[in-house]
Amino acid sequence: MAAASRSQQSLSLPVEGMHCASCVGRVEQALEKVPGVAGASVNLATGRADVRFEEAVDPQALITAIEGLGHVVPKQTHHLAIDGMTCAGCVRRVEQALLAVPGVSSASVNLATEQAEVAGQADIAALIEAVSKTGKSAHAIAQGGQSLQDTASKRDEETRQLKNTVLTAGLLTLPVFVLEMGSHVIPGMHHLIAQTIGIEASWLLQFALTSAVLFGPGRVFYRQGIPALMKGAPDMNSLVAVGTAAAYLFSVVATFAPGFLPEGTVNVYHEAAAVIVTLILTGRWMEMRAKGRTSDAIQRLVKLAPKTARVRRGGTTAEVEVSSVVTGEIIEVRPGERLPVDGEVIEGSTFVDESMITGEPVPVSKETGATVIGGTVNQTGSIVFRATAVGTGTMLAQIIRLVEEAQGGKLPIQAMVDKVTMYFVPAVITLALITFGVWIAFGPEPALTFGLVNAVAVLIIACPCAMGLATPTSIMVGTGRGAEMGVLFRRGEALQILKDVRVVAFDKTGTLTEGAPGLTDLEVTNGFDAPTVLSHIAAVESKSEHPIARAIVEAAGAQDLALPTVSDFESVTGMGVAANAGGRKVHIGADRYMAELGQDVSVFEEIAERLGREGKSPLYAALDGQLAAIIAVSDPIKPATPAAIAALHALGLKVAMITGDNSRTAHAIANRLGIDAVIAEVLPEGKLDAVRTLKAAHGQLAFVGDGINDAPALAEADVGLAIGTGTDVAIEAADVVLVSGSLAGVSNAIALSKATIRNIKQNLFWAFAYNAALVPVAAGVLYPAFGILLSPVFAAAAMALSSVFVLSNALRLRTWTPELPPASMSGGSSAVLKVAAAE
């Protein structure tokens with residue numbers, strides 16, 4: 001945590017847990033004992049401590065003193081919009097300025113979103129003042145959909161203004177370019193100009209138009225670049241300002257005072273200065289347009305929420321603003337309308353298209369008791385539901401917040417870029433001065449002209465815009481694409497770490513399986529039909545509270561079977577149950593119970609062996625003294641599980657399962673699914689050790705779970721993925737949330753991680769390789785051998801195109817789709833799915 005500077009005389013800290021005046025006194029005394037503190041004033045009503053100091057004080061020492069009394073100093077997170085950043089150097093300087101503010105524990109600045117996230121106890125006014133000292137401006141913003149809409153509107157307006165600026169600069173530059181460059185490339189044009197308006201008038205016209213370009217559309221470079229240079233913190237604007245000013249001032253001297261220049265060096269470079277400004281402004285305009293598209297995915301989510309809702313109030317139905325809806329209100333939705341908030345259906349039935357939230361294309365059936373999500377589309381029927389979450393509490397609002405946080409984060413790979421860009425701009429200016437000096441000392445005549453042109457080319461081509469955009473733009477597009485697919489990255493770092501996982505471990509119950517027992521097998525003997533047998537078995541089991549009994553009753557209910565009346569119910573300890581159902585005697589139990597009743601179960605021997613291999617315990621039923629059926633109840637595997645595991649294998653990953661089930665059942669399921677490693681009979685508290693064991697054996701690990709007892713394992717894993725349909729505790733502990741609950745999201749998340757990091761590396765390679773290759777060319781290293789020099793005009797065009805290339809490459813992720821595993825690798829899974837369906 002940064003120490004306070006001497007110019008900072010006070011710091012305000014929030015304090016929780018104070019109840020009386022004595023608490024206030026103790027906190028003040030503790031703060032005044034911290035070395036360097038001149039005085040402290042604590043306000044019980046506002047819950048804040050104002051500390052004055054005369055010398056540097058570490059805010060952490062103040063926090064430690066307060067918390068040593070049993071009180072809490074909560075961290076605050078501020079979000080700032082930063083105006084005026086143009087390159088990675090700007091990002092670094094703004095971050096350093098924010099970190100220097102007393103009370104700031106961390107600061108992350110994102111060039112693509114033009115926002116900063118600052119954590120700690122610093123005052124927002126102090127943060128804004130710190131940013132202003134770097135030559136940028138800042139204002140506080142709130143996270144959420146409205147903030148995003150405001151930012152998008154502001155960017156659209158800036159894009160329109162920049163377009164107009166580019167058009168103005170282009171119209172002013174075109175005559176300059178034609179007059180000067182036309183004289184060099186069009187035969188006879190030089191003589192035509194000399195014989196008509198004259199060379200002197202041509203130079204005066206170029207001077208006038210170039211001045212209008214530099215002090216009109218181009219003044220932004222001087223207004224921001226020169227102060228930054230004076231403060232010893234040069235940025236991209238500084239490079240452009242110095243380069244164009246050098247070309248312009250040299251041309252002014254050549255035009256109005258040629259006698260001050262050595263013989264043979266009297267030339268004008270007005271067109272270089274004007275064209276450089278126009279090209280770089282054009283590049284910025286293209287960048288801004290592309291930046292707008294990087295957040296398209298999240299903006300589409302924001303637009304999902306309808307503006308009004310039809311609410312029952314006071315005995316009538318009224319259409320009101322969604323912002324006025326409160327939890328518990330009754331809302332009506334017609335076919336084709338978007339649901340305004342989250343809720344629970346209380347009337348009607350319908351199908352709802354949730355693809356925009358979950359990524360799942362198939363509409364979901366909704367009946368009384370079902371949950372619905374705000375922003376999704378009601379399709380076929382009218383429904384009435386009770387609002388359960390409104391405003392920032394809705395799933396859509398939470399998704400937007402998660403994506404915004406992920407987009408604003410920094411990946412570990414960014415640390416390398418930050419280190420390089422910290423020294424990059426000063427190094428470029430130094431290199432430009434060296435280039436100028438070498439040409440003056442060793443270059444051919446006119447050495448001054450050669451030195452000036454090449455120094456300007458070095459300044460212009462080395463602008464680190466592409467470096468600053470390489471990582472954040474890919475993160476924005478990648479996380480946005482993930483949100484469209486129902487994969488939410490709660491931490492940006494997970495986007496990079498996921499690509500390196502070697503093993504994916506699953507919790508079994510509720511993750512690989514449905515999480516509740518169900519009837520999976522029912523085979524009857526000759527003379528009996530399955531519906532009749534099931535209805536009698538279910539009738540008897542309806543008198544039992546056992547989970548297996550409930551599963552059988554639910555299976556009968558799913559088939560709309562009428563259950564006969566039951567009497568004389570009897571539970572035989574360790575054996576089974578018996579009763580009269582509809583006038584027929586029914587016995588249900590294990591094979592030993594049937595043996596005691598004199599029933600021969602060998603007719604089901606093959607089926608019983610298969611069930612055993614699958615980890616299922618068979619039960620038998622007899623009606624009126626005759627063996628009628630074999631049944632099995634188990635926690636069924638989710639339909640998407642086999643294909644999800646096949647997809648992970650296709651990515652070259654190991655798959656493990658952690659479960660509290662007995663080893664036989666666990667290994668049976670693992671064999672059916674092709675799971676590579678099994679850790680069974682694990683108590684909830686043992687999952688943490690199981691994760692550590694797998695990490696030690698296989699390397700980096702991703703854990704997938706959905707329950708409260710999965711939270712420690714999710715946190716311990718290198719990357720934790722929570723099923724979105726699981727508990728809030730599990731989701732809060734995870735790094736990635738699979739909104740739809742589909743396990744296909746696991747392989748999608750890993751594949752997206754690989755694609756995004758690959759995209760970032762492509763961007764960084766282009767940004768660094770581009771500068772490494774072209775800066776020496778701009779300096780003139782090819783001139784002695786090949787006579788090749790890089791014009792500042794072409795340097796400006798190449799610099800602008802480098803940023804556009806990086807943005808365009810990142811935007812390719814908008815259409816990224818995961819590759820399906822080869823048929824040869826998923827064929828086994830298909831077979832398992834068919835068996836499961838038949839069961």
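Residues numbered from 1 in each chain as written. Predicted model: local features only at pLDDT ≥ 70, side-chain atom pairs only at ≥ 80, totals over all residues. Heavy atoms only, no water.

Under the annotation held in an unreviewed UniProt entry, the protein chain carries the name P-type Cu(+) transporter and is attributed to Roseibium hamelinense. Recorded under Subcellular location (unreviewed entry), the UniProt text for the protein chain is reproduced unchanged: "Cell membrane". Under the heading Sequence similarities (unreviewed entry), UniProt records this for the protein chain: "Belongs to the cation transport ATPase (P-type) (TC 3.A.3) family. Type IB subfamily." (UniProt positions renumbered as here; feature names shortened; annotations may be inferred.)

K.L.:
In this structure, what is going on with the sheet that holds strand β15 (residues 377-378)? I would like to understand it.
P.N.:
To summarise the sheet geometry, strands pair through backbone hydrogen bonds and adopt either a parallel or an antiparallel arrangement. Here we have three strands laid out as an open sheet, ordered β13-β12-β15, and antiparallel in their pairing. The two strands at the open ends of the sheet, each matched to only one other strand, are β13 (364-366) and β15. Both strand β12 (residues 350-353) and β13 contribute to a ladder of three bridges, which runs antiparallel. For T350, the partnering residue across the bridge sits in β13 and is K366. (Pairing = 2+ DSSP bridges. Helix = DSSP H or I, 4+ residues; strand = E, 2+ residues; numbered from the N terminus.)

K.L.:
Teacher, can you tell me more about the pattern of salt bridges here?
P.N.:
Within this structure, the stated rule accounts for 16 salt bridges. For E332, the salt bridge is made with R312, and the minimal N-O distance between the two is 2.8 Å. Note that E332 is positioned in strand β10 (residues 330-333) and R312 in strand β8 (residues 308-313), a separation of 20 residues in sequence. Measuring nitrogen to oxygen at the nearest pair gives 3.5 Å for the salt bridge that ties R692 to E716. Taken as a pair, R692 in helix α25 (residues 687-698) and E716 in helix α26 (residues 711-716) lie far apart in primary sequence, 24 residues in all. The exposure class of R692 is partly exposed, given its relative accessible area of 41%. (Salt bridge = Lys/Arg side-chain N within 4 Å of Asp/Glu carboxyl O. Buried < 20%, exposed > 50% of the residue type's maximum accessible area, 1.4 Å probe, protein only.)

K.L.:
Mind showing me how you'd approach unusual backbone geometry here?
P.N.:
Most of the time, phi is negative for any residue but glycine, and the peptide bond is trans. With an omega of -5°, the peptide bond running from E445 to P446 counts as cis. Relative to the helices and strands, P446 is located in the loop between α14 (413-442) and α15 (447-461). Within the chain, D560 stands out as a residue other than glycine whose phi angle is a positive 55°. Within the secondary structure, D560 is located in the loop between α20 (547-558) and β20 (566-572). On the accessibility criterion, D560 (70% relative accessible area) is exposed. You will see that D624, though not glycine, has its phi angle at about 50°, which is positive. Within the secondary structure, D624 is located in the loop between β23 (618-623) and β24 (626-634). D624 sits in the partly exposed class, given a relative accessible area of 42%.

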